[in-house]
Amino acid sequence: MSLFQALLAGIVLPLAATASTAPSKGDLCHIIDSQLPGLVGFPNSTQYQDSQSTYYTENERQVKPSCVFRPGSTKDVARFVKLAADYDRGTKNPSLSSPLFAVRSGGHTLWQGAANAEGGVTVDMRGMDSFSLSVDKKVASIGGGSDFAKVYPQVDAHNLTVIGGRIPGVAAGGFLSGGGKNFFSRRHGFGCDNIYGYEVVLASGEVVYASASQNQDLWLALKGGSNNFGIITRYDLATYPLDLMWGGTTVLNFTPAVLDDEAQAFSDIMRPENFDDAVDVGVLLGFQNGAFFLLNTMFYSAPVANPPIFKNFTKIPGIIAQSLNLSTVSERVIEDGALLPPTVPRSFELVYSFHNADAQTYRKLIQFWQDEITRISKVDGLAVQYLLQPMPVTNGTNVLGVPPNAKDLGMWVLTGLWNKAADDDTVTKALTTILQKSERVLLEKNLSIGFKYLNYADVTQNPISTYGGENVARLWATSKKYDPKGLWQKRVPGVKLPSTY
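Model, not experiment: these values are computed from the prediction. (Residues numbered from 1 in each chain as written. Predicted model: local features only at pLDDT ≥ 70, side-chain atom pairs only at ≥ 80, totals over all residues. Heavy atoms only, no water.)

A.B. asks: Would you explain the environment of Ser134 in this entry?
C.D. replies: Within the element layout of this structure, Ser134 appears in the loop between β5 (131-133) and β6 (139-143). Measuring from C-alpha to C-alpha, the distance between Ser134 and Thr239 comes to 10.0 Å, with 105 residues separating the pair along the chain. (Helix = DSSP H or I, 4+ residues; strand = E, 2+ residues; numbered from the N terminus.)

A.B. asks: Is there a simple way to explain the sheet that holds β6 in this structure?
C.D. replies: Backbone hydrogen bonds are what pair the strands of a sheet, in a parallel or an antiparallel way. One open sheet holds the 5 strands; their spatial order is β5-β6-β10-β8-β9, and the pairing between them is antiparallel. Every interior strand has two partners, whereas the edge strands, β5 and β9 (207-211), have only one. Strand-to-strand twist across the sheet, computed as the mean angle between neighbouring axes with direction ignored, equals 15°. As defined by bridge partners, strand β8 (residues 195-201) adjoins strand β10 (residues 231-238) across 6 bridges and the pair is classed as antiparallel. Paired with Glu199 across the bridge in β10 is Arg234. Packing against the sheet, helix α5 (residues 74-88) makes contact with β8, β9 and β10, and its axis sits at approximately 50° to β8. (Pairing = 2+ DSSP bridges. Axes fitted to C-alpha atoms, helices over the stretch in contact; angles between N-to-C directions. Contact = heavy atoms within 4.5 Å.)

A.B. asks: What exactly am I supposed to notice about the environment of Pro153 here?
C.D. replies: Take Pro153: it is sitting in helix α6 (residues 148-156). Judged by relative accessible area, which is 36%, Pro153 ranks as partly exposed. Sequence separation of Pro153 and Leu294 is 141 residues, and the distance between their C-alpha atoms is 31 Å. (Buried < 20%, exposed > 50% of the residue type's maximum accessible area, 1.4 Å probe, protein only.)

A.B. asks: Help me understand the domain arrangement of the chain, please; the structure alone is not making it clear to me.
C.D. replies: As assigned here, the chain comprises domain 1 (28-124), domain 2 (131-242 + 467-483) and domain 3 (245-463). Distance from the C-alpha centre of domain 2 to the C-alpha centre of domain 3: 25 Å. Counting residues at the interface gives 38 residues for domain 2 and 38 residues for domain 3. Between domain 2 and domain 3, roughly 3300 Å² of surface is buried when both sides are summed, and carbon and sulfur atoms account for 62% of that area. Remark: the boundary between domain 2 and domain 3 carries 3 salt bridges. (Domains from an automatic or database assignment. Buried area = accessible area lost by both parts, 1.4 Å probe. Salt bridge = Lys/Arg side-chain N within 4 Å of Asp/Glu carboxyl O.)

A.B. asks: What should I look at first to understand the UniProt feature "domain: FAD-binding PCMH-type" (unreviewed entry) in the chain in this one?
C.D. replies: In this structure's numbering, the residues bearing the UniProt feature "domain: FAD-binding PCMH-type" (unreviewed entry) are residues 61-242. Strand forms 24% of residues 61-242 and helix 23%; the C-alpha atoms that close the span are 37 Å apart. (UniProt positions renumbered as here; feature names shortened; annotations may be inferred.)

A.B. asks: I'm lost on the state of the cysteines in this one. Help?
C.D. replies: Two cysteines whose sulfur atoms are joined by a covalent bond form what is called a disulfide. One pass over the structure, following the stated rule, counts 1 disulfide. Paired through a disulfide, Cys29 and Cys67 show a sulfur-sulfur distance of 2.1 Å. Taking the sign of the S-S torsion, -95° for the link of Cys29 and Cys67, the bridge is left-handed. Note that Cys29 is positioned in helix α2 (residues 27-35) and Cys67 in strand β2 (residues 67-69), a separation of 38 residues in sequence. (Disulfide = S-S within 2.5 Å.)

A.B. asks: Looking at this structure, I do not really get helix α13 (residues 359-375). What am I missing?
C.D. replies: Residues spaced three or four apart along an α-helix point in a common direction, a consequence of the helix completing one turn every 3.6 residues. Compared with the 24 Å implied by 1.5 Å per residue over 17 residues, the 25 Å span of α13 between its first and last C-alpha is a close match. Those residues of α13 not exposed but buried are Ala359, Thr361, Tyr362, Arg363, Leu365, Ile366, Phe368, Trp369, Gln370, Glu372 and Ile373. (Expected span 1.5 Å × (residues − 1).)

A.B. asks: Would you explain the sheet that holds β2 in this entry?
C.D. replies: The 4 strands are arranged β1-β2-β4-β3 in an open sheet whose pairing can be described as mixed. At either end of the open sheet lies a strand with only one pairing partner, and these are β1 (40-41) and β3 (101-104). Each of β1, β2, β3 and β4 (121-124) touches helix α3 (residues 46-53); the most contacted strand, β2, lies at about 90° to it.

A.B. asks: Help me understand the side chain of Asp88, please; the structure alone is not making it clear to me.
C.D. replies: With respect to the helices and strands, Asp88 occurs in helix α5. Classification of Asp88 by relative accessible area gives buried; the value is 10%. Setting aside residues up to four positions removed in sequence, Asp88 forms contacts with Leu100 and Arg491.

A.B. asks: I'm lost on the environment of Thr394 in this one. Help?
C.D. replies: Examined against the element boundaries, Thr394 turns out to sit in the loop between β17 (383-390) and β18 (409-418). C-alpha separation for the pair Thr394 and Pro241, spaced 153 residues apart in sequence, amounts to 19 Å. Discounting chain neighbours no more than four positions away, the residues touching Thr394 are Gly189, Phe190, Asp193, Val402, Pro403, Pro404 and Asn405.

Here is the structure:
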């Protein structure tokens, strides 16, 4: 979940009521409870309710697991996986529609069932939030459920940073296994490009370490392969020197002239000849409370106030409010987090990627969005954002298939929030129409790259299939080696490996 998605959510609507019907208690839950006492929460328990109520979106809060397992150590996770796999051997016709267990880290993925198991066991990793620095301070080791908002103050204290999430509540598990976009991703790439090693519990319950020198195939597969190979209990992350950064937001009038300037400013800053690896920028087009709005976010990974590189954004006529300052990373995340609600209502999100376009093309895509949102503007509680931002500049040490060192790649993220289930089809169809029209234009101009960034994609976009045939084949080979019985493919929900490639 991006900073900008959450900023939008922070200014939207009250939550819709959710059902609280308790599910039946499953046999596996009682087995785990008897073998690992004190770590299982059943419906109506405080532990269960805490887990359920803290998912970011109503989509996930509506899923009802039979119990929640809250491990405190790698040993707990290994024991759980072994017990779950042994229990499941007698299952006939296993299916993801009736999952054995799901793994939840921060719980920020929008689509239903991404990190919660209807009728199964949900493994809530948030208690695994350990932190340590290596003696030379070049490696930060964090637990698999670590919230980056709690990690940053610990590295800030040493004038360091890591490549993690940009809003409170985004945790290591989903963020890093899906890629990870950060303030500094134009310099350091995806979050997964910056992982020296993983401690992983495999389907057998065995604990292994994956790095460039041991289990290298698994190490590479985990860099974008999502939750398809095991439960990651520790990440060893590269640290980078950083004292202060500059950044914040500007709010502008939503007028055709301002939109023209915005399209030109983004097109210009994304040209390779203008590349500055300290820059990150986002153009957020929004609709909320029946009106359109426009918000820019700008970040610079150095203690330089008002860097000249942003002049085409900061000098646009029509700025009506701004908050730009020097801060530590943890201060930036806290400041942005103060705008956010802990949860949002019904939601749907799509993403697409492309080479930088000219201003006229960006304006055409903006108009597709504006026209379609106007058409559905009466949907109860409708809030929609269209976020234009640069792609991380990757070194290619991952399975994402994004061209290494490409400086002109962008992505557009389309997110909708609304109140009533009766409007699900209306909103999802409208957002899908916007994406289809936009991709058609980009294909005609030979600008589309096809890649769908997993952390912003809906499951229906099958993002792993966009990594390219060679990478998908590599992922399948790794899956068959480390999970030969297919536990993660057949019994654990998430973005699964594509059946064809």
